[in-house]
Amino acid sequence: MCECIDSVLSSSHPYISDLHPNLALSGLISELLVYCSNKKYGCPQIVRQDALHGHVLYCSYAPSICPNKVLGCPYKGTMRDLKEHLQNCVYERFKGYIDSTNKRFEKLESLIADQSREIEKLQRIIRSGKGVTYTLERGTSEQSVASLAGSVGGAGADGSMNGESSSASGGTKRTVVSTFPHDEITCHRTIGNQPCGVTSVAINQDRVFAGAHDGSTKVFDINSGQLLKDLKGHTMSVWGLAVMPSGDRYFSAGSDGTIKVWDWRNEDDAACLVKSIPDHNAKVYGLVVDQGRLYSASSDKTVKVWDTETLECLATFQGHTGGVNCLAALTEASAHQLVTGSSDKTIKLWDVSTGTCLKTVRRGTSEVLDVAVGDGMLFGSTYDAVIHVYDINETRELGTLSGHNWEVWQLEYGQGHLFSASFDHTIKRWDPRRFQCDLTLKGHKSFVHGMALDENYLVTGCADRTIKIWR
């Protein structure tokens, strides 16, 4: 056999001796004539081996099914017969009607699913007995009703309300119930197209405050997403934001080591900056406003206390041996306590009246990234992506919350739920009593740097240059 091939190669092709024998043999094989692979369906064509693939792609005898198979057509035949079949296909003639019917069924299924969720929500409300009651004067317009309901968190995205009403002397008593943050939460609005990553957020009534990597701070309307103010004052990233209860003044701080005081409602942008405070000797990572005091946490290992009116520094808390990454105030009027977390792997509880450290929780091998407090519990997230839960009175560890893949940089607690935001691009809602995650929010495409929570909304800011409003 080999001698025969060698003879053919050398005698038939005078230049073939310069080629590798295998390449030459491959060339001869490609010239062989073969039947179309659709011969069994009637194709009579005989083509060269190297042209077979191209022929099969366009062969009219290739097996085919009706494009209306998804509607139920059982036809199987060849490409050449398909055109004739389509002219007589019942499914082709009724395709428009079938498509429109299917769409109506899909809408109906979606409506049933929505109503089922609404029924489950109302059942939970009935079981919990929770609601917000207000008195509506006779003659008040429906538009005013929707506006009032929205102000207490009882209106849906479309302005509808859940609740019941009854006539009473002097007006109509209506119970408007908001299930946030207990029930299903979805992204209500995305404020996108920011010039750079969002590093911090705060919320006050219907305003969202956001700090960014470029040192700017912005104010948005939470309902429309409209930009109300864009103020520039920091030279580096803004890591901390805190807003006065009135909403007229806010504080910002960041990597440039300064605290800026803003009266943002001033029409003249240049006059909005009230004061720049450079007292910290390093980056400022956190700000909290509580009972007329501003607290600032810095990587210079200190926490400073400021009078929010005079802007005077009232005290400096010292005790951490590493940078202070976070802080949270106990909101009870009689508490007068502050919690701080540090890179020295400790959490400290302070008496703000005396500046005394009351308790220290040592976290072993991981630095503390953020803290939150509520309902007698203290929460601390550490660099190992774990959230630790303590009894705040005894500083005894009750358990841990695990589920994030990367470190957790933000914690917020409200109405019996803990929210955590992570570098794994997700936000999780936890039931700390059962030590379980009951909801994971997805949508951001990068690290979630900032998070804020109130009774109606959860706001998150991300390195993907977006701010998301959840409800």
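It should be noted that the structure appears before, not after, this text.
These figures come from a predicted structure and were not determined experimentally.

Student: Is there a simple way to explain the pairing of strand S15 (residues 259–263) in this structure?
Tutor: Sheet faces and side chains relate simply in a regular strand, where the side chains alternate between the two faces. Counting buried positions along S15 yields four of five residues, so the element is predominantly enclosed. What sits between the antiparallel neighbours strand S14 (residues 249–254) and S15 is a turn of four residues, in which Gly257 has the positive phi angle 80 degrees. With four bridges connecting them, S15 and strand S16 (residues 273–277) associate as antiparallel partners. Across the sheet, residue Trp262 finds its bridge partner in S16, namely Leu273.

Student: Is there a simple way to think about the nonpolar core in this case?
Tutor: Side chains of a nonpolar character, in soluble globular proteins, are inclined to be buried together. With 14 residues, the main nonpolar core has Leu330, Val339, Ile347, Val371, Val373 and Leu378 as its most contacted residues. Ranked by size, the runner-up nonpolar core spans 13 residues in total, among them Ile203, Ile222, Ala452 and Tyr457.

Student: Any chance you could explain the pattern of salt bridges here in plain terms?
Tutor: A side chain of one charge can pair with a side chain of the opposite charge when the charged atoms of the two come close. Within this structure, the stated rule accounts for 13 salt bridges. Between Lys218 and Asp230 there is a salt bridge, and its shortest N-O distance comes to 3.7 Å. Residue Lys218 is found in strand S11 (residues 216–221), and its partner Asp230 is found in strand S12 (residues 227–232); the two are separated by twelve residues along the sequence. Judged by relative accessible area, Lys218 falls into the buried class, the value being 6%. In this structure, Asp438 and Arg429 form a salt bridge, with 2.8 Å as the shortest nitrogen-oxygen distance. Through salt bridges that share partners, Asp206, Arg207 and Asp221 make up one connected network.

Student: What should I look at first to understand a nonpolar patch on the surface in this one?
Tutor: Taken together, the side chains of Phe105, Leu108, Leu111 and Ile112 make up a nonpolar region of the molecular surface, amounting to roughly 380 Å² of accessible area. Assignment of secondary structure puts Leu108 in helix H6 (residues 95–128).

Student: Sorry, what's going on with the sheet that holds strand S17 (residues 284–290) here?
Tutor: Within a sheet, each strand pairs with its neighbour through backbone hydrogen bonds, oriented either parallel or antiparallel. Taken together, four strands build an open sheet; the order of strands is S17-S18-S19-S20 and the sheet is antiparallel. The open sheet has two edge strands with one neighbour each: S17 and strand S20 (313–318). Each strand axis lies, on average, 20 degrees off the axis of its neighbour in the sheet, ignoring direction. Bridge count for S17 against strand S18 (residues 293–298) is six bridges, and the pairing is antiparallel. When the sheet's bridge partners are listed, Asp290 is paired in S18 with Arg293.

Student: Got a minute to help me understand empty space enclosed by the protein in this structure?
Tutor: Where empty space is left becomes clear once a probe the size of a water molecule has been rolled over the atoms. In total, this model carries one cavity of 30 Å³ or more according to the counting rule given. Its boundaries defined by the atoms lining it, the largest cavity holds a volume of some 60 Å³. Lining the largest cavity, in full, are Gln194, Pro195, Cys196, Val198, Ala210, Gly211, Ala212, Ser216, Thr217, Lys218, Phe220 and Ile467. Of all the secondary structure elements, the ones that give two or more residues to the lining of the largest cavity are strand S10 (207–212) and S11. Of all the elements, S11 adds the most residues to the lining of the largest cavity, at four residues. The class makeup of the residues in the lining of the largest cavity is seven nonpolar, four polar and one charged.

Student: Where do I start with unusual backbone geometry in this structure?
Tutor: Phi is mostly negative for residues that are not glycine, and the peptide bonds are mostly trans. A positive phi is found at Asn193, a non-glycine position, where the angle reads about 60 degrees. With phi around 80 degrees, His425 is a residue other than glycine that occupies positive phi space. By the secondary structure assignment, His425 is in the loop between strand S30 (417–422) and strand S31 (427–431). Relative accessible area serves as the criterion here: at 25%, His425 is assigned to the partly exposed category.

What counts, and where the lines are drawn
Residues numbered from 1 in each chain as written. Predicted model: local features only at pLDDT ≥ 70, side-chain atom pairs only at ≥ 80, totals over all residues. Heavy atoms only, no water. Buried < 20%, exposed > 50% of the residue type's maximum accessible area, 1.4 Å probe, protein only. Helix = DSSP H or I, 4+ residues; strand = E, 2+ residues; numbered from the N terminus. Pairing = 2+ DSSP bridges. Core = buried A, V, L, I, M, F, W, Y, C linked by side-chain atoms within 4.5 Å. Salt bridge = Lys/Arg side-chain N within 4 Å of Asp/Glu carboxyl O. Patch = residues over 30% accessible without salt bridge, like charges linked within 9 Å, V, L, I, M, F, W, Y side chains within 5 Å. Areas by Shrake-Rupley, 256 points an atom, 1.4 Å probe, with all protein chains shown as cover. Axes fitted to C-alpha atoms, helices over the stretch in contact; angles between N-to-C directions. 1 Å grid on protein atoms, 1.4 Å probe; cavity = no way out; pocket = protein on both sides within 12 Å on 5 of 7 lines; lining within 4 Å. Points joined across faces, edges and corners; volume = space filled by probe spheres on them. Nonpolar A, V, L, I, M, F, W, Y, C, P; charged D, E, K, R; others polar.

On their own, these measurements won't tell you what the molecule is for.
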